[in-house]
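# Analysis of the macromolecular model
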Amino acid sequence: MARAHWLVKSEPFKYSWDDLVKDGSTYWDGVRNYQARNNLRAMKVGDYAFYYHSNEGKEVVGIAKVTRSAYQDPTTDDDRWVVVDVEPVKPLKTPVTLAQIKADSKLQKIPLVTHSRLSVMPLEKPDFERILELSKIPSTRR
DNA sequence: GCCAACGTTGGC
DNA sequence: GCCAACGTTGGC
């Protein structure tokens, strides 16, 4: 089956891209929303996920890879919640901001725009690639 | 810091 | 099972 694409959000002061790079890998905890949880469960080893900084920055900063599929969240006894393991793949050349995504005619339907509170969301491949394209535009030309 | 949007909880 | 109240998230 083809690799799936995702976007995960983190508040950078809680756990930033740099933290992930520093740690080498982490488990993605803290999801307490059923829809996001279901998305976590659908992730497979090898899937790519954009790493988005919410609140501070509000931009996609890097690409992470799923290294272990969903298992019981070690931070709670509540068996409704799961985590996945992720590791950094590479940072985006230039971050892609929410404003850019909102302004892009091809990206109007992605959950980040239509469903802003969802913290783990699937992305269609063309949308994933479109965001990658945007990240190649140097910030000086924006 | 405010507030809108949305999800969850709990009373009935 | 409905819906009002409440809490949380996240953009601005």
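Heads up: the structure comes first, above all this text.
A quick note: this is a predicted structure, and the numbers were derived from the prediction, not measured.

This part covers the sheet that holds strand β6 (residues 120-123). Taken together, the six strands give an open sheet; going across it, the order is β2-β5-β4-β3-β1-β6, and neighbouring strands pair in mixed fashion. This sheet does not close on itself; its edge strands, each paired only once, are β2 (26-27) and β6. Sheet topology note: the strand β1 (residues 5-10)/β6 ladder contains four bridges and is antiparallel. Each bridged residue has a counterpart across the sheet, and for leucine 7 the counterpart in β6 is methionine 121.

Right, let's get into the protein's contact with DNA strand C. Close contacts around DNA strand C come from Lys9, Tyr52, Asn55, Lys58, Leu98, Lys102, Ser116 and Arg117, and that covers them all. Sugar plus phosphate: this is where 68% of the atoms of DNA strand C within 4 Å of the protein reside. In this structure, a phosphate oxygen belonging to DNA strand C sits 3.0 Å away from a side-chain N or O atom of lysine 102. Here arginine 117 contributes a side-chain N or O atom positioned 2.8 Å from a base oxygen of DNA strand C.

Further remarks concern the pattern of salt bridges. Per the stated rule, a full pass over the model turns up seven salt bridges. Aspartate 19 is paired through a salt bridge with lysine 22; the nearest N and O atoms lie 3.7 Å apart. Note that aspartate 19 and lysine 22 are positioned in helix α1 (residues 17-23) at a spacing of three residues, about one turn of the helix. One salt bridge in this structure joins arginine 130 and glutamate 133, with 2.9 Å as the shortest N-O distance.

Below, the discussion takes up the side chain of threonine 26. Here threonine 26 is to be found in strand β2. Residue threonine 26 is classed as buried on the basis of its relative accessible area of 17%. If we ignore the near neighbours within four places in the chain, the residues touching threonine 26 are Tyr15, Leu20, Val84, Asp85 and Val86.

Another point: the environment of glutamate 56. The residue glutamate 56 is located in the loop between β3 (48-53) and β4 (59-72) in this model. Linking glutamate 56 and alanine 70, residues 14 residues apart in sequence, is a C-alpha distance of 27 Å. If sequence neighbours within four positions are ignored, glutamate 56 has contacts with Pro12 and Phe13.

Summarising burial for β1: six of the six residues are buried, a large majority. Neither face of β1 is exposed, since His5, Leu7 and Lys9 on one face and Trp6, Val8 and Ser10 on the opposite face are all buried. Relative to β3, β1 is paired through six bridges, and the arrangement is parallel. Each bridged residue has a counterpart across the sheet, and for valine 8 the counterpart in β3 is tyrosine 51.

The set of residues buried in helix α2 (residues 34-42) consists of Ala36, Arg37, Asn39 and Leu40. Taken down its axis, α2 places every buried residue within 160 degrees of arc, on the same side. Where the residues of α2 are buried, they touch β1, β4, β5 (82-97) and β6. If you check the start of α2, you find a side-chain oxygen 3.0 Å away from the backbone N of glutamine 35, and it comes from asparagine 33.

Definitions and cut-offs
Residues numbered from 1 in each chain as written. Chains lettered and ligands numbered in written order. Predicted model: local features only at pLDDT ≥ 70, side-chain atom pairs only at ≥ 80, totals over all residues. Heavy atoms only, no water. Pairing = 2+ DSSP bridges. Helix = DSSP H or I, 4+ residues; strand = E, 2+ residues; numbered from the N terminus. Near = heavy atom within 4 Å. Polar contact = N/O pair within 3.5 Å; in protein donor to acceptor, adjacent residues only side chain to side chain. Salt bridge = Lys/Arg side-chain N within 4 Å of Asp/Glu carboxyl O. Buried < 20%, exposed > 50% of the residue type's maximum accessible area, 1.4 Å probe, protein only. Contact = heavy atoms within 4.5 Å. Arc of directions from axis to C-beta.

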